[in-house]
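# Structure at a glance
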Amino acid sequence: MDGLVIKNTGSWYLVRTDEGSDVECKVKGNFRLKDIRSTNPIAVGDRVTIVPNNEGTALITQIEDRRNYIIRRSSNLSKQSHILAANIDLCFLIVTINHPVTSTVFIDRFLAAAEAYRVPVNLIFNKTDLYAEEEIEYMDALISLYDYIGYPSIKISALHNTGLEILQEKIKNKITLFSGHSGVGKSTLINALVPDVHLKTGAISGYHGKGMHTTTFSEMIELPQGGFIIDTPGIKGFGTVDMEKNEIFHFFPEIFKASKDCRYNNCIHINEPGCAVREAVENHYISESRYKSYMSMMQEDIEEKYRK
């Protein structure tokens, strides 16, 4: 029997079968014997084969090849990874300029991981009703930057329901992942898009200015107009996985484009002579913030947990 994983609560998975029933499932033990260095060998969005048992539950015995996925280094086990979701048509990274702050390093790491695994990303700039004038100017500058690179952006106020009609059209009949820091308004936004879902929303910690987790597991939410939203727990940092240093620049589109004019084919754009990328940064054709994000990924030790 085949189906789609629509929820992950740790050791249990909810699978919607092709016949339309929802079955609680566990993973067959030998999945963990395969070379999958992941805290979750099965992810929401996976297509799987299940074998029902007499208790009304089932075992997941096989997983179909993934079309794509979003993966990051596990927050508590630096040698392992965590797959956020698989087989995604579109991902929205929800960004806030404040309440809490989303850094450009976090955005760029997320975008690079999405590029590496062929997941198209749009940016949602949420909580636009809360920003001071200088914060709005900064937001508009970021939108111009990411639009230019090729990441479309939408301004949203989930609280005031502004900008939602554009979003509704984009997610229609698609499997869409929503991700971002805790506290960026993801649950409020999903509640506005799917009023019957009633996701729990949380306050921002006044002491740290950071969000507190309200979603504790990944889940697919069916849309009335067709398609699904994948809701995931808020993420603090985004440690990248399985990227060789000589290929990281491939996942920054504007850096990759400029690299074709470097003097040396094996240039990694740090201090090599005749580097077209560093020249483009100096001449403001490549954003300094993006280059700093690239350098942070190049310098990251493989054993270090990324927590900023």
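Owing to the predicted nature of the structure, the values given are computational and were not obtained by experimental measurement. Along every chain, residues carry numbers that run from 1 in the direction the sequence is written. This being a predicted model, a pLDDT of at least 70 is required before a residue's local features are given, and a value of 80 or more before pairs of side-chain atoms are given or counted; all residues contribute to the totals for chains, interfaces and linings. Note that the side-chain values use all heavy atoms of the structure and ignore hydrogens as well as water.

### Here's the deal with the packing of aromatic side chains
The criterion for an aromatic pair is that two Phe, Tyr or Trp rings (for Trp, the six-membered ring) have centres within 6.5 Å, with stacked assigned to planes under 30 degrees apart, edge-to-face to planes over 60 apart and tilted to the rest. With the rule as written, the count across this model stands at 5 aromatic pairs. Every member of this aromatic cluster is reached through a ring pair, and the members are Phe252, Tyr291 and Tyr294. We count a charge as sitting over a ring when the NZ of a lysine or the CZ of an arginine lies within 6 Å of the ring centre and within 35 degrees of the ring normal. Sitting over the face of the ring of tyrosine 69, arginine 66 holds its NZ or CZ atom 5.6 Å from the ring centroid.

### Topic: the UniProt feature "binding site: Zn(2+)" (unreviewed entry) in the chain
With numbering matched to this structure, UniProt assigns "binding site: Zn(2+)" (unreviewed entry) to Cys262, Cys267, His269 and Cys275. As for its position among the elements, cysteine 267 is in the loop between α5 (253-259) and α6 (276-282). Sequence-distant contacts of cysteine 267, defined by excluding residues within four places in its chain, comprise Phe249, Cys262, Glu272 and Cys275. Secondary structure elements follow DSSP: runs of H or I of four or more residues count as helices, runs of E of two or more count as strands, with numbering from the N terminus. On the secondary structure map, histidine 269 appears in the loop between α5 and α6. Between two residues, a contact is recorded if the distance between any of their heavy atoms is within 4.5 Å. Those residues in contact with histidine 269, other than ones at most four positions away along the chain, are Phe249, Ile255, Ser259, Cys262, Cys275, Val277, Arg278, Tyr291, Tyr294 and Met295. For this analysis, a polar contact is any N or O atom pair within 3.5 Å, provided that within protein one partner can donate a hydrogen and the other can accept it, and provided that sequence-adjacent residues contribute only side-chain to side-chain pairs. A distance of 3.4 Å separates the side chain of histidine 269 from the backbone oxygen of cysteine 267, its partner in a polar contact. UniProt positions are given in the numbering used here, feature names are shortened, and annotations may be inferred rather than shown by experiment.

### What about unusual backbone geometry?
Following histidine 99, the chain continues into proline 100 via a peptide bond in cis, with omega recorded as -5°. On the secondary structure map, proline 100 appears in the loop between β8 (90-95) and α1 (104-116). Positive phi is not limited to glycine here, since arginine 118 has a value of about 65°. Considering the arrangement of structural elements, one finds arginine 118 in the loop between α1 and β9 (121-125). When its relative accessible area of 56% is taken as the criterion, arginine 118 is described as exposed. Although it is not a glycine, asparagine 173 sits at a positive phi angle of roughly 60°. Within the secondary structure, asparagine 173 sits in the loop between α3 (164-171) and β11 (174-180). Under the scheme applied here, a residue whose accessible area is under 20% of the maximum for its type counts as buried, over 50% as exposed, and between as partly exposed, the area being computed with a 1.4 Å probe on protein chains only.

### Things to note about the packing of α1 against helix α7 (residues 288-299)
Contact pair α1 / α7: the axes reach a minimum separation of 9 Å and the direction vectors enclose 70°. For the element pair α1 / α7, the angle class is roughly perpendicular. The element α1 and its partner α7 pack so that their crossing is right-handed. Contact with α1, carried on its side by Thr104, Val105, Asp108, Arg109, Leu111 and Ala112, involves Ser289, Arg290, Ser293, Ser296 and Met297 of α7 and no other residues of that element. Each residue gets one label: Ala, Val, Leu, Ile, Met, Phe, Trp, Tyr, Cys and Pro are nonpolar, Asp, Glu, Lys and Arg are charged, and the others, such as Gly, are polar. Residues belonging to the contact of α1 with α7 are distributed by class as follows: 4 nonpolar, 4 polar and 3 charged. Only the stretch in contact is used when fitting a helix axis, every axis being a line fitted to C-alpha atoms; angles between N-to-C directions are given from 0 to 180 degrees. An angle counts as roughly parallel when it lies under 35 degrees, as roughly antiparallel when it exceeds 145, as roughly perpendicular when it falls between 65 and 115, and as oblique in every other case. Left-handed describes a crossing whose near helix is turned anticlockwise from the far helix by less than a right angle; the clockwise case is right-handed.

### A word on the pattern of salt bridges
If the charged atoms of two oppositely charged side chains come close together, the side chains can form a pair. Between Lys or Arg on one side and Asp or Glu on the other, a salt bridge is scored when a side-chain nitrogen of the former is within 4 Å of a carboxyl oxygen of the latter. This structure, assessed with the given rule, holds 11 salt bridges. Residue arginine 66 is joined to aspartate 46 by a salt bridge in which the shortest nitrogen-to-oxygen separation is 2.8 Å. Placement of the pair is arginine 66 in the loop between β5 (58-63) and β6 (69-73) and aspartate 46 in the loop between β3 (22-27) and β4 (47-52), with a sequence separation of 20 residues. Aspartate 46 sits in the buried class, given a relative accessible area of 0%. The residue glutamate 288 makes a salt bridge to lysine 292 at a minimum N-O spacing of 3.5 Å.

### Details of the confidence of the model for the chain
Per residue, pLDDT measures the predictor's confidence, with a range of 0 to 100. The pLDDT averaged across the chain works out to 86; a share of 84% of its residues lies at or above 70. Every residue in residues 203-215 scores below 50 in pLDDT, and together they form 29 contacts with partners more than four places removed in sequence or on other chains.

### What to know about the pairing of β9
Most of β9 is tucked away: 5 of the 5 residues are buried. Residue alternation in β9 divides its side chains into two sets, Val121, Leu123 and Phe125 and Asn122 and Ile124, and both sets are buried. Two strands form a pair only when DSSP identifies at least two bridges running between them. In this sheet, β9 lies alongside β8 in parallel orientation, the contact comprising 5 bridges. Following the sheet pairing, valine 95 is matched in β9 by phenylalanine 125.

### Re the pairing of strand β2 (residues 13-17)
Among the 5 residues in β2, 4 count as buried, and that is most of the element. Alignment of strand β1 (residues 2-8) against β2, held across 5 bridges, turns out to be antiparallel. Of the residues in β2, the one forming a bridge with lysine 7 is leucine 14. In this antiparallel pair of consecutive strands, β1 and β2, the connection spans 4 residues, and glycine 10 shows a positive phi of 110°. One ladder, built from 4 bridges, connects β2 with β3; its direction is antiparallel. For tyrosine 13, the partnering residue across the bridge sits in β3 and is cysteine 25. Counting the residues between successive antiparallel strands, the hairpin from β2 to β3 contains 4 residues, one of them, glycine 20, with a positive phi of roughly 100°.

### A few points about the packing of α1 against helix α2 (residues 133-149)
For the pair α1 and α2, the least separation of the axes is 13 Å and the interaxial angle reads 25°. For the element pair α1 / α2, the angle class is roughly parallel. Both α1 and α2 take part in a crossing whose hand is right-handed. For the pair α1 and α2, contact is made by Thr104, Ile107, Asp108 and Leu111 and by Tyr138, Leu142 and Tyr146, respectively. Of the residues that constitute the contact of α1 with α2, the class distribution is 5 nonpolar, 1 polar and 1 charged.

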